[in-house]
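These are the residues of each chain, in order.
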Amino acid sequence: MDARQDELSNPFGMDTECTNCPELVETRERIVHGYGDVGADFVVIGDQPSAAADETGVPFAGEGSIVWEILDRVGLVEGDPGAAEPEPDEVFLTYVTRCRHPDRGATDEEVTACEAYRSSELRMINPEIIVPVGQRAIEALAFQYTTKSEDELDVEELHATTMRGRGFELVPMLDPSDQTPEQTEAFVEHFADLLGTDYRQTKGRQGSLETGRGPDTDE
């Protein structure tokens, strides 16, 4: 955890009583804002909170969480990844939408309502690498943060690969519930290889995260 911060959960002090989405206000236990290191090089972005995340406030929480397992295996968790409040090292975890509906995914309107939270976190953290988890997450990043359209981004095809974004790189991950053991292993191997490279090379030519737009860096 960054020495400048006091809390892992919602370290930027974002609104914990948001009522922009009335239906989600009725179904959520809490708003699950970002969690982790505010000086992180890596940001993991999921679709919406799981039942365990909704209960605990820890993104991707839950028994046998594949996301936390992967982060631990590549050396980005201090201590027990299954702890009630695991300690990510150089990682910040967040969601496209912050409130859970137990029976459906988020609507386009709900995604838009949360966009300011996500954009603010990315601007303040200024990461080197973003890991969008699931199709909805990569689609939410498409227009602002990549040179691709939503239709060109298929998380199944892009799983465990690196693609150039606007000022940083993206490493898409299939939703954990859709991954086979072989796909999980492929992601661990790819991410471990990435950690062995100079992944910070993108920051020097980074565009402004104020708008999400910068120079086209797709190769």
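Residues numbered from 1 in each chain as written. Predicted model: local features only at pLDDT ≥ 70, side-chain atom pairs only at ≥ 80, totals over all residues. Heavy atoms only, no water.

(A) Up close: the overall build of the protein chain. Within the protein chain one finds seven helices and eight strands. A buried classification covers 50% of the 219 residues belonging to the protein chain. The contacts of the protein chain with a sequence gap of at least 6 include a subset with a gap of at least 24, amounting to 68%. Of the accessible surface of the protein chain, which amounts to about 10100 Å², a share of 44% is contributed by carbon and sulfur atoms. (Helix = DSSP H or I, 4+ residues; strand = E, 2+ residues; numbered from the N terminus. Buried < 20%, exposed > 50% of the residue type's maximum accessible area, 1.4 Å probe, protein only. Contact = heavy atoms within 4.5 Å. Areas by Shrake-Rupley, 256 points an atom, 1.4 Å probe, with all protein chains shown as cover.)

(B) Spotlight on the side chain of Thr-184. Within the secondary structure layout, Thr-184 lies in helix 7 (residues 181–195). Only 2.7 Å separates the side chain of Thr-184 from the side chain of Gln-179, close enough to count as a polar contact. (Polar contact = N/O pair within 3.5 Å; in protein donor to acceptor, adjacent residues only side chain to side chain.)

(C) Geometry of the environment of Gly-64. Locating Gly-64 in the fold gives a position in the loop between helix 2 (51–56) and helix 3 (66–73). Of the residues examined, Gly-64 reaches a relative accessible area of 64% and is grouped as exposed. A sequence separation of 18 residues divides Gly-64 from Gly-82, and the C-alpha atoms of the two residues are 7.7 Å apart.

(D) Quick peek at the pattern of salt bridges. Tallied over the full model, the rule gives seven salt bridges. Here Glu-185 makes a salt bridge to Arg-73, at a shortest N to O gap of 2.7 Å. Residue Glu-185 is found in helix 7, and its partner Arg-73 is found in helix 3; the two are separated by 112 residues along the sequence. A residue is classified by how much of its surface remains accessible, and Glu-185, at 33% relative accessible area, is partly exposed. Salt bridges linked by common partners bring Glu-23, Arg-104 and Glu-110 together as one network. (Salt bridge = Lys/Arg side-chain N within 4 Å of Asp/Glu carboxyl O.)

(E) Representation of the packing of helix 4 (residues 108–125) against helix 5 (residues 135–145) within the structure. Two elements in contact, helix 4 and helix 5, have axes separated by 11 Å at closest approach and are oriented at 65 degrees. Taken as a pair, helix 4 and helix 5 cross one another with a handedness that is right-handed. Judged by residue contacts, Asp-108, Val-111, Glu-115, Arg-118, Ser-119 and Leu-122 of helix 4 engage Arg-136, Ala-140, Leu-141, Gln-144 and Tyr-145 from helix 5. Of the residues that constitute the contact of helix 4 with helix 5, the class distribution is five nonpolar, two polar and four charged. (Axes fitted to C-alpha atoms, helices over the stretch in contact; angles between N-to-C directions. Left-handed = near helix turned anticlockwise from the far one by under 90°. Nonpolar A, V, L, I, M, F, W, Y, C, P; charged D, E, K, R; others polar.)

(F) Fine view of helix 5. Along helix 5, the residues classified as buried are Ala-137, Ile-138, Ala-140, Leu-141, Ala-142, Gln-144 and Tyr-145. Considering only its buried residues, helix 5 is in contact with strand 2 (42–46), helix 4, strand 6 (129–132), helix 6 (155–158), strand 7 (163–164) and strand 8 (169–170).

(G) Structural context of helix 7. A rise of 1.5 Å per residue sets the reference length of helix 7, with its 15 residues, at 21 Å; its end C-alpha atoms lie 21 Å apart and thus fit the reference within 8%. Along helix 7, the residues classified as buried are Thr-184, Phe-187, Val-188, Phe-191 and Leu-194. Across the axial projection of helix 7, the buried residues extend over an arc of 130 degrees, all falling on one side. Residues of helix 7 that are exposed and angled more than 90 degrees away from the buried face: Pro-181, Glu-182, Glu-189 and Asp-193. Tucked into the core, helix 7 has its buried residues touching strand 2, helix 3, strand 6 and strand 8. (Expected span 1.5 Å × (residues − 1). Arc of directions from axis to C-beta.)

(H) Structural context of the environment of Ser-65. Structurally, Ser-65 can be placed in the loop between helix 2 and helix 3. The buried category is assigned to Ser-65, whose relative accessible area is 16%. For the pair formed by Ser-65 and Pro-176, sequence separation is 111 residues and the distance between their alpha carbons is 8.1 Å. Here Trp-68 takes part through its backbone nitrogen, which lies 3.3 Å from a polar atom of the side chain of Ser-65.

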